[in-house]
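Observations on chain architecture
Below are the chains, spelled out letter by letter.
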Amino acid sequence: MTTTESRVDPPTAGSERELLQGFLDFHRGTLLWKISGLTAGQLVQRSAEPSSMSLIGLVRHLTEVEKYWFHRTLAQLPAEPKFWSAEHPDGDFDLTDPAQAEQDVHDFRQIVKASDEIAARYDLDHTFLRPGHEGDYSVRYVYIHMIEEYARHNGHADLLRERIDGLTGE
């Protein structure tokens, strides 16, 4: 279903913005690397009961996280969740469909591209209000949070991928 992916190592020197973007891109690339070469059926394979976590579920979850932080909170665009609802709060993991896996990966790539375009319009010190939360949030915070979010979930992806076909990574 997916092609072979490669990652670009983050820079070891540069401006703060270049380093943050580089590490975020590295972690995004790691997720794509972890799903590369798998069939749609393998992408929806769940880890272990009772968890509904799967590789495509991680892709869908991180699509929603990108949309929430960059589109909805930073740019204040109308960006309602596609997979989450009151009825299905874990719909990104629970409602996966192998027939949709290729579209899910495409949607992830598109939201990442749009997120980068949004982020580029703001200085790292730019602050905004997060709906339902107190205090200011900065663009710098969003980058750091997104790097943390991807790093945590890429650890999950390592385990899921190893269970599927034995592939391990760094």
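A brief look at the structure comes next. (Residues numbered from 1 in each chain as written. Predicted model: local features only at pLDDT ≥ 70, side-chain atom pairs only at ≥ 80, totals over all residues. Heavy atoms only, no water.)

**Let's talk about the packing of helix H3 (residues 55-74) against helix H5 (residues 101-119)**
Here H3 crosses H5 at 25°, and the two axes come no closer than 9 Å. Between H3 and H5, the crossing angle belongs to the class labelled roughly parallel. Here H3 and H5 pass one another in a crossing that is left-handed. For the pair H3 and H5, contact is made by Ile56, Val59, Arg60, Leu62, Thr63, Glu66, Lys67, Phe70, His71 and Leu74 and by Ala101, Asp104, Val105, Asp107, Phe108, Ile111, Val112, Ala114, Ser115, Ile118 and Ala119, respectively. (Axes fitted to C-alpha atoms, helices over the stretch in contact; angles between N-to-C directions. Helix = DSSP H or I, 4+ residues; strand = E, 2+ residues; numbered from the N terminus. Parallel < 35°, antiparallel > 145°, perpendicular 65-115°, else oblique. Left-handed = near helix turned anticlockwise from the far one by under 90°. Contact = heavy atoms within 4.5 Å.)

**A closer look at the packing of aromatic side chains**
For the coordinates displayed, the defined rule picks out seven aromatic pairs. The interplanar angle of 25° and the centroid separation of 6.2 Å between the aromatic rings of Phe128 and Tyr137 together place this pair among those described as stacked. Each member of the pair Phe128 and Tyr137 is classed as buried. Sitting over the face of the ring of Trp33, Lys34 holds its NZ or CZ atom 4.9 Å from the ring centroid. (Phe/Tyr/Trp six-rings, centres within 6.5 Å; stacked < 30°, edge-to-face > 60°. Buried < 20%, exposed > 50% of the residue type's maximum accessible area, 1.4 Å probe, protein only. Lys NZ or Arg CZ within 6 Å of the ring centre and 35° of its normal.)

**Some points on the environment of Glu87**
Structurally, Glu87 is set in the loop between H3 and helix H4 (91-94). A residue is classified by how much of its surface remains accessible, and Glu87, at 65% relative accessible area, is exposed. As for Glu87 and Pro11, which are separated by 76 residues in sequence, their C-alpha atoms are 42 Å apart.

**Some thoughts on the nonpolar core**
By size, the foremost hydrophobic cluster in this structure holds 42 residues, and its most contacted members are Leu31, Leu55, Leu58, Trp69, Phe108, Met146 and Tyr150. Elements represented by at least two residues in this core include exactly helix H1 (16-35), helix H2 (40-43), H3, H5 and helix H6 (139-165). If one sorts the elements of this core by residue count, H3 sits on top with ten residues. Excluding residues within four positions of it along the chain, Phe108 makes contact with Leu31, Leu32, Val59, Leu62, Thr63 and Tyr150. (Core = buried A, V, L, I, M, F, W, Y, C linked by side-chain atoms within 4.5 Å.)

**Details of the environment of Leu159**
Along the chain, Leu159 turns up in helix H6. Separated by 112 residues in the primary sequence, Leu159 and Ser47 place their C-alpha atoms 8.2 Å from one another.

**Observations concerning the pattern of salt bridges**
This model, assessed by the stated rule, comprises twelve salt bridges. As a salt-bridge pair, Glu64 and Lys67 come within 3.2 Å of each other at their nearest N and O atoms. Pair noted here: Glu64 and Lys67 are both in helix H3, with a separation of three residues, about one helical turn. Note that Glu149 is salt-bridged to Arg152, the shortest N-O span being 2.9 Å. Separated by three residues within a single helix, Glu149 and Arg152 lie in helix H6, roughly one turn from each other. Members of the salt-bridge network, linked through shared partners, are Asp25, Arg28, Glu66 and Asp116. (Salt bridge = Lys/Arg side-chain N within 4 Å of Asp/Glu carboxyl O.)

**Some remarks on the environment of Thr73**
Checked against the element boundaries, Thr73 lands in helix H3. Taking the C-alpha atoms as reference points, Thr73 and Arg152, 79 residues apart in sequence, are found 21 Å from one another. Filtering out sequence-adjacent residues up to four positions away, Thr73 remains in contact with Tyr68, Phe128, Leu129, Arg130 and Pro131. Of the polar contacts made by the side chain of Thr73, one reaches the backbone oxygen of Trp69; its length is 2.6 Å. (Polar contact = N/O pair within 3.5 Å; in protein donor to acceptor, adjacent residues only side chain to side chain.)

**With respect to H5**
Here H5 contains 19 residues, and its C-alpha end-to-end distance of 27 Å stays within 8% of the 27 Å for a straight helix at 1.5 Å per residue. For H5, every residue scored as buried is listed here: Ala101, Asp104, Val105, Asp107, Phe108, Ile111, Val112, Ser115, Ile118 and Ala119. Viewed along the axis of H5, the buried residues span an arc of 155°, placing them on a single side of the element. Away from its buried face by more than 90 degrees, H5 exposes Glu102 and Lys113. Looking at the packing, one finds that the buried side of H5 touches H1, H2, H3 and H6. (Expected span 1.5 Å × (residues − 1). Arc of directions from axis to C-beta.)

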